[in-house]
Amino acid sequence: MTGVELRQLRYFVAVAEELNFGRAAARLLIAGPSLSQQIKALERDLGVRLFDRDRRSVALTPAGAALLPPTRALLDRAEDLRLRASRLSGSEAVRIGYVNWLPPDLTSRTAAVAQMHIDAWVAPSHTQAARVADGSLDLAVLWLPLPDLRRLGLRAHLVGADRIHAVAPGPDTGAVRARDAVVLLDDDMTSWSTWNVYGEALAAATGARVVRIADGGVTGPAFFDHVRRLRRPVVNCPKGQDSSLPPDLVRRPIRPPEPYWSWSLVRREREERAAVLAVVDALSAGVGDLGVHAPDAWLPADDPHARPEGLRA
């Protein structure tokens with residue numbers, strides 16, 4: 001046990017949660033081979049095999065499953081110790097979580113007001129919002145409907161926006177009407193709850209066709225397979241907006257209307273810590289509306305940044 005490091009335990013938890021070394025490596029921002037080597041070193045130091053793995057799958061062994069809860073608890077205690085030490089030193093960090101996007105200039109904009117700690121646990125919006133509400137995070141960048149934010153006692157500040165496009169079989173790259181597009185909704189509400197809410201609202205407002213799936217194919221290779229099978233433009237969720245396309249598929253703008261996905265910096269409604277509020281100001285000041293209030297732009301009616309109905313064009 002003398003060789004075990006906290007970072008190796010974090011790696012173990014990431015692989016256990018993703019059950020995929022590639023996704024875990026991307027989440028941890030390290031190379032896949034390095035992650036595999038660290039897991040092997042941890043298994044050697046612990047004297048047990050944590051994962052059964054082959055080219056197609058990764059699964060926790062009984063020993064791995066038994067060690068996962070105490071490992072999470074140990075990491076939580078280590079983080080609590082770090083935060084206590086930070087408070088004693090007078091440089092308490094502001095902890096921020098995210099889903100899959102952060103402002104690219106986050107570090108430079110906040111350097112003068114706080115010591116930022118970017119949480120390594122990348123999780124869905126509803127999970128990150130709950131962590132802000134319970135104090136596990138100070139801030140998070142996510143999307144959540146206004147009623148859910150109010151229920152959790154959270155306030156949202158606009159910090160980013162993605163113009164949503166469709167992916168279609170090529171070669172036509174012209175605009176596609178929203179009502180002629182397909183929206184994929186996944187049965188896995190744990191992973192895709194907020195996307196399903198957004199997609200259902202888009203379909204209800206525009207007449208887009210809803211197709212329900214159960215394979216996680218909202219993004220990635222499975223998404224591309226759905227596009228080929230349906231032979232129609234399929235709305236691309238923000239998690240896959242910047243993915244490289246196979247040569248037989250193309251991006252097509254959606255209009256009318258032009259759907260947007262807003263990114264909110266979320267904090268507790270009654271937040272009083274000066275460092276947290278200073279970070280909010282640093283990241284949201286001067287951002288503007290990022291196009292979400294343009295005449296042809298569309299946001300769900302309960303998006304926290306949607307214009308009041310009477311002000312819409």
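The structure displayed is predicted, hence computed values, not measured ones.

Explain the packing of aromatic side chains to me, please; I cannot follow it from the model alone.
Aromatic rings considered in pairs are described by the distance between their centres and by the relative angle of their planes. Scanning the entire structure with this criterion turns up 11 aromatic pairs. Measuring from ring centre to ring centre gives 5.5 Å for W195 and Y198, while their planes differ by 20 degrees; the resulting arrangement is stacked. On the criterion of helical spacing, the pair formed by W195 and Y198 is a turn pair, its members being three residues apart in helix α8 (residues 189-206). Across the pair, Y198 and W195 agree in class, each one buried. Measuring from ring centre to ring centre gives 5.9 Å for F223 and F224, while their planes differ by 65 degrees; the resulting arrangement is edge-to-face. Judged on exposure class, the residue F223 and its partner F224 are both buried.

How should I be thinking about empty space enclosed by the protein in this particular structure?
With a probe scaled to a water molecule rolled over the atoms, the places where space remains empty come into view. For the coordinates displayed, the defined rule picks out one cavity of 30 Å³ or more. Here the largest cavity is characterised by a volume of approximately 40 Å³. Residue lining of the largest cavity: V218, T219, G220, F223, F224, N236, G240 and S243, and that is the complete set. Residue composition of the lining of the largest cavity, by class: three nonpolar, five polar and no charged.

Looking at this structure, how should I read the pairing of strand β9 (residues 209-213)?
Every regular strand shows the same layout, with side chains that alternate between the two sheet faces. Pairing analysis gives five bridges linking strand β8 (residues 182-186) to β9, with the strands arranged parallel. Paired with V183 across the two strands is V210, which belongs to β9.

How do you make sense of helix α3 (residues 32-46) when you look at a structure like this?
An α-helical turn contains 3.6 residues, so a residue and the one three or four places further along point in the same direction. Between its first and last C-alpha atoms α3 spans 21 Å; for 15 residues at 1.5 Å apiece the expected length is 21 Å, and the two agree. In the core, the buried residues of α3 are packed alongside α1 (6-18), α2 (21-28) and β1 (51-53). Just past α3, the residue G47 takes up positive phi, approximately 80 degrees.

Looking at this structure, I do not really get the layout of surface pockets. What am I missing?
For the largest pocket, the calculated volume is near 1,100 Å³. Lining the largest pocket are 35 residues, with E18, R23, V99, V122 and K239 positioned closest to its centre. When contributions to the lining of the largest pocket are tallied by element, the ones reaching two or more residues are α1, α2, α6 (125-134), α8 and β12 (258-268). In terms of residue count, α8 provides more of the lining of the largest pocket than any other element does, five residues in total. Of the residues assigned to the lining of the largest pocket, the class counts are 15 nonpolar, 12 polar and eight charged.

The rules we used
- Residues numbered from 1 in each chain as written.
- Predicted model: local features only at pLDDT ≥ 70, side-chain atom pairs only at ≥ 80, totals over all residues.
- Heavy atoms only, no water.
- Phe/Tyr/Trp six-rings, centres within 6.5 Å; stacked < 30°, edge-to-face > 60°.
- Helix = DSSP H or I, 4+ residues; strand = E, 2+ residues; numbered from the N terminus.
- Buried < 20%, exposed > 50% of the residue type's maximum accessible area, 1.4 Å probe, protein only.
- 1 Å grid on protein atoms, 1.4 Å probe; cavity = no way out; pocket = protein on both sides within 12 Å on 5 of 7 lines; lining within 4 Å.
- Points joined across faces, edges and corners; volume = space filled by probe spheres on them.
- Nonpolar A, V, L, I, M, F, W, Y, C, P; charged D, E, K, R; others polar.
- Pairing = 2+ DSSP bridges.
- Expected span 1.5 Å × (residues − 1).
- Contact = heavy atoms within 4.5 Å.

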